[in-house]
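What follows is each chain in one-letter form.
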Amino acid sequence: MNAKELINEIRLYCEQKEDPVSLQKYQRYFKGGYDGYGLNTTTINNKIKDLIRDYDISLSTIVEATPELMESGMYEETSFALLLLNQFEKDYSYKVFETIGKWFSIGITNWAHADTLGMYILPKFMAQQIIDLKSFVSWVSSSFKFQRRSVPVTFIKSLKEHRISNLLDFITPLMEDIEREVHQGVGWFLREAWKENNSIVEDYLLEYKYTAPRLIIQYACEKMTKEDKKKYKRVNKQI
């Protein structure tokens, strides 16, 4: 199966399974807008299993098809591209990682797709030592907010393999990010890091108590006791 055939097969399936009722329901989860067919993840994953079973598909074919799928702006078409990519980890390379970085300018435009990369795909690159922390240097300062969000989300899976202090140092530039979606990703990472080493994360949060966006602090403190959360509330400083 070549790239064009894969694209056509995916689009035909999406059109056949289109669900206007679900489409309307899903729109509430995407403040930035949601265009799609209304397919759920189970429906997409079932088709992915069929594609892999019934056709000869390579990673290079998926990578070639992905830009056109993303450019359509249809949510499920991008989902298909990413979830197919997730099935071919044995063929990952640094070149593929670089290609993924370019997709944020094409079609990684919502939290769900950014988190699919951060929760599933990118940690596999790190686990295989194809990439390391330094590979994300340009991502932290990217002009694309969902590329910046992907960094702390990816690091959640690395908490046991890297020194937490090193991960905290790396995400520090994001502690002053202006985008809500990035705040959520950073806060999520800090919450999970706190579970691994509460003392180092608590010291870190105190350092940024008055400067970090409140949403980061809110997410980071979510699993703390009410008493511990009080330490991170801002109080008016006496003049």
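Okay, so let's go over this structure.

Scoring rules and cut-offs
- Residues numbered from 1 in each chain as written.
- Predicted model: local features only at pLDDT ≥ 70, side-chain atom pairs only at ≥ 80, totals over all residues.
- Heavy atoms only, no water.
- Axes fitted to C-alpha atoms, helices over the stretch in contact; angles between N-to-C directions.
- Helix = DSSP H or I, 4+ residues; strand = E, 2+ residues; numbered from the N terminus.
- Parallel < 35°, antiparallel > 145°, perpendicular 65-115°, else oblique.
- Left-handed = near helix turned anticlockwise from the far one by under 90°.
- Contact = heavy atoms within 4.5 Å.
- Buried < 20%, exposed > 50% of the residue type's maximum accessible area, 1.4 Å probe, protein only.

## Remarks on the packing of helix α3 (residues 41-54) against helix α5 (residues 75-85)
Closest axis-to-axis distance for the α3/α5 pair is 10 Å, and the angle between their directions is 50°. As summarised for this structure, α3 and α5 are arranged oblique, according to the angle between their axes. As for how α3 packs across α5, the hand of that crossing is right-handed. Here Ile-44, Asn-45, Lys-47, Ile-48, Leu-51 and Ile-52 of α3 come into contact with α5, specifically with Glu-76, Ser-79, Phe-80, Leu-83 and Leu-84.

## Overview of the environment of Pro-123
With respect to the helices and strands, the residue Pro-123 is situated in helix α7 (residues 111-127). Judged by its relative accessible area of 12%, Pro-123 is buried. Each C-alpha atom of the pair Pro-123 and Val-201 lies 22 Å from the other, and the pair is 78 residues apart in sequence. Look past the residues within four positions of Pro-123 in its chain and what remains in contact with it is Leu-117, Gly-118, Thr-154 and Lys-157.

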